[in-house]
Amino acid sequence: MAVDFTYALPYLLLWAAFGAAMVTGRRSVALGFTALSLAAAVPAGIVEWAGLAVLALFAGACLAAVRPESPRTRRALAWGVVVVLTAALATNQVPWVHNVLALDRVYVSASSADFTLYWDYDKGFAGILLYLACVQPQENPPWRRAIVATGAIAILATVVTLGTATAVGYTAWDPKWPAILGVWVPSNLLLTCVSEETVFRGILQRHLGRSLRGRVPAPALVALLACAAAFGVVHIAGGTTYVLLATLAGIGYGAAYYVTGRVEASILVHFLLNLTHLFLFTYPFAA
């Protein structure tokens, strides 16, 4: 299972942007890779010229929203554009940005429902820009403590979420080596985990926690639970059971961010839970 290199290149460059931002911390280098990704997406037919204008507007709004020297009204307007376009891009509502069909109704195992996978360029682009412009800088906790805490939370979140999913019949024990791994891993990590955790933990949980200071007891904890509930609600298309499971998982992701102050921790917990689901349980759910 492979995707033509012409279609894969824009996504590979988004990966390079994320890696440059996380490893080097140099926003200019990461933005350069993001621009190259857009340049590759246009001739590939993933982004039309009108879509390019929308994505450029989104990038400009992200950068303007976090400029401390800008007037407050200008920053508020920029944040408004960021919120509206983030919602539109995350839900594939921009008609001039086309996503790549990577898997079409495949069966990961005999006991699983069929699975379709799109590489969502709009969602991935939004997540990378938000990570570059609106999440940095982050806290710098002691790495040993952060790694131990993240690992412990990942185990607990995985056991609770997938254990609940199995108990209610949403999934079943189904260990395997999935053939879709090479297509699934880069997509799930970048286009799902990075994008969703950047929005829900790196931006919403952080800013909500700050805005609640002095207004409610334990504002950071309230923000964690509120964002976990919101994370569950946005999965309503999967049904009420999926909302419950996403909320449980969201508590784990939020806890990783709460303890470490790093969105990378919540990304890692999110990905490890999803990877365990793929390897050990019916995926995406029991047939």
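In short, a report on the structure. Keep in mind it's a predicted model, so treat the numbers as computed, not measured. Every chain is numbered on its own, with residues counted from 1 as its sequence reads. Under the rules for a predicted model, residues below a pLDDT of 70 receive no local features and side-chain atom pairs below 80 are neither given nor counted, while totals for whole chains, interfaces and linings still include all residues. Note that the side-chain values use all heavy atoms of the structure and ignore hydrogens as well as water.

## Notes on the pattern of salt bridges
So, point 1. Any carboxyl oxygen of Asp or Glu within 4 Å of a side-chain nitrogen of Lys or Arg constitutes a salt bridge here. If you walk through the whole model with that rule in mind, you get six salt bridges.
So, point 2. Note that arginine 201 is salt-bridged to glutamate 197, the shortest N-O span being 2.7 Å. A residue pair is termed a helical-turn pair when its members lie 3 or 4 positions apart in one helix, as arginine 201 and glutamate 197 do in helix H7 (residues 181-211) at four residues. Of the two residues, arginine 201 and glutamate 197, both sit in the buried class. In DSSP terms, a helix is any run of H or I states spanning at least four residues, a strand is any run of E spanning at least two, and both are numbered starting from the N terminus. Throughout, exposure labels follow a simple rule: accessible area from a 1.4 Å probe, protein chains only, divided by the maximum for the residue type, with under 20% read as buried, over 50% as exposed, and the rest as partly exposed.

## A short note on the packing of H7 against helix H8 (residues 219-233)
Angle between the axes and distance between the axes are the two parameters that describe a pair of packed helices.
So, point 1. Fitted lines through C-alpha atoms give the axes, limited to the stretch in contact for helices. The angle between two N-to-C directions lies from 0 to 180 degrees. The N-to-C vectors of H7 and H8 enclose an angle of 145°; their axes lie 8 Å apart at closest approach. With respect to the hand of their crossing, H7 and H8 are arranged in right-handed fashion. Counted together, Glu196, Glu197, Phe200, Arg201, Leu204, Gln205, Leu208 and Gly209 of H7 and Pro219, Ala223, Leu224, Ala226, Cys227, Ala228, Ala230 and Phe231 of H8 form the full contact between these two elements.
So, point 2. Per-class residue counts for the contact of H7 with H8 are 11 nonpolar, two polar and three charged. Should the near helix be turned counterclockwise from the far one by less than a right angle, the crossing is left-handed, whereas a clockwise turn marks it as right-handed. Whether two residues are in contact is decided by their heavy atoms: any pair within 4.5 Å suffices. Residues are grouped as follows: Ala, Val, Leu, Ile, Met, Phe, Trp, Tyr, Cys and Pro are nonpolar; Asp, Glu, Lys and Arg are charged; every other residue, Gly included, is polar.

## Brief notes about a nonpolar patch on the surface
So, point 1. Like charges within 9 Å and nonpolar side chains (Val, Leu, Ile, Met, Phe, Trp, Tyr) within 5 Å are joined into patches, using only residues over 30% in relative accessible area that form no salt bridge. Exposure was quantified through the Shrake-Rupley algorithm and a 1.4 Å probe, taking into account, for residues, occlusion by the shown protein chains and nothing else. On the surface, Leu221, Leu225, Ile251, Tyr258 and Val259 cluster together to form a nonpolar patch covering roughly 420 Å² of accessible area.
So, point 2. Going through the elements one at a time, H8 and helix H9 (240-260) are the ones with two or more residues in the nonpolar patch.
So, point 3. Residue classification places tyrosine 258 among the partly exposed positions, given a relative accessible area of 47%.

## Quick notes on the nonpolar core
So, point 1. Grouped together as the largest cluster of nonpolar side chains are 64 residues, with contacts concentrated most on Phe58, Phe115, Trp119 and Tyr121.
So, point 2. Per-element accounting of this core gives the leading share, 11 residues, to helix H5 (residues 121-135). Nine residue types can take part in a nonpolar core, namely buried Ala, Val, Leu, Ile, Met, Phe, Trp, Tyr and Cys, and a core is a set of them joined through side-chain atoms within 4.5 Å.

## Topic: the layout of surface pockets
So, point 1. In this model, the second largest pocket occupies a volume close to 480 Å³.
So, point 2. Each cavity reported here is a set of points on a 1 Å grid over the protein atoms alone in which a 1.4 Å probe fits but cannot get out, each pocket an open set with protein on both sides within 12 Å along at least five of seven lines, and each lining residue one with an atom within 4 Å of a point. Around the second largest pocket sit 25 residues that line it, and Glu139, Arg206, Arg210, Arg213 and Tyr257 are the ones nearest its centre.
So, point 3. Looking at the lining of the second largest pocket, the elements that each hand over two or more residues are helix H4 (72-90), H5, H7, H8 and H9.
So, point 4. In terms of residue count, H7 provides more of the lining of the second largest pocket than any other element does, five residues in total.
So, point 5. Of the residues belonging to the lining of the second largest pocket, the class tally is 13 nonpolar, six polar and six charged. Grid points are joined across faces, edges and corners, and a volume is the space filled by probe spheres set on the points.

## Examining H4
Note on helix geometry: an α-helix contains 3.6 residues per turn, so any two residues three or four positions apart are oriented the same way.
So, point 1. Multiply 1.5 Å by the residue count of a helix minus one, and that product is the helix's expected span. End to end, H4 covers 26 Å across 19 residues, agreeing with the expected 27 Å (1.5 Å per residue, within 8%).
So, point 2. Of the residues making up H4, those classed as buried are Ala78, Val82, Leu85, Thr86, Ala88 and Leu89. All buried residues of H4 fall inside an arc of 160° around its axis, so they share one side. Turned more than 90 degrees away from the buried face of H4 sit Arg72, Thr73, Leu77, Val83 and Val84, all of them exposed.
So, point 3. Tucked inside the fold, the buried residues of H4 contact helix H3 (49-65), H5 and H7.
So, point 4. Directly after H4, the chain includes asparagine 92, whose backbone phi takes a positive value near 60°. This arc is built from the directions going out from the helix axis to the C-beta atoms.

## Some details on the packing of H7 against helix H10 (residues 263-280)
So, point 1. Closest axis-to-axis distance for the H7/H10 pair is 9 Å, and the angle between their directions is 140°. Judged by the inter-axis angle, H7 sits oblique to H10. The two elements H7 and H10 meet at a crossing, and its hand is right-handed.
So, point 2. Looking at the contact of H7 with H10 residue by residue, the class counts come to 12 nonpolar, seven polar and three charged. Working definition: roughly parallel below 35 degrees, roughly antiparallel above 145 degrees, roughly perpendicular at 65 to 115 degrees, and oblique for all remaining angles.

## A look at the environment of serine 112
So, point 1. Within the secondary structure, serine 112 is located in the loop between strand S1 (100-106) and strand S2 (115-119).
So, point 2. Sequence-wise, serine 112 and aspartate 174 are 62 residues apart; in three dimensions their C-alpha atoms are separated by 8.9 Å.
So, point 3. In this view, serine 112 contacts Tyr107, Asp174, Thr282, Tyr283, Phe285 and Ala287; residues no more than four positions away in its chain are not counted.
So, point 4. Nitrogen and oxygen atoms within 3.5 Å of one another constitute a polar contact, given that in protein one can donate a hydrogen and the other can accept it, and given that sequence-neighbouring residues count only through two side-chain atoms. Side-chain polar atoms of serine 112 contact the side chain of serine 109, separated by 2.8 Å.
So, point 5. Within the structure, serine 112 has its side chain in polar contact with the backbone nitrogen of tyrosine 283 (distance 3.1 Å).

## Overview of helix H6 (residues 143-167)
So, point 1. With 25 residues, H6 extends 35 Å from end C-alpha to end C-alpha; this agrees with the ideal 36 Å at 1.5 Å per step.
So, point 2. In this structure, the buried side of H6 is in contact with H9 and H10.
So, point 3. Of the residues flanking the end of H6, it is glycine 169, one or two places downstream, whose phi is positive at about 85°.

## A short note on the pairing of S2
So, point 1. Along S2, the buried face is formed by Phe115, Leu117 and Trp119; none of Thr116 and Tyr118, which line the opposite face, is buried.
So, point 2. Note: S1 against S2, four bridges, orientation antiparallel. Within the sheet, the bridge partner assigned to valine 100 lies in S2 and is tryptophan 119. A pair of strands counts as paired when DSSP detects no fewer than two bridges linking them.

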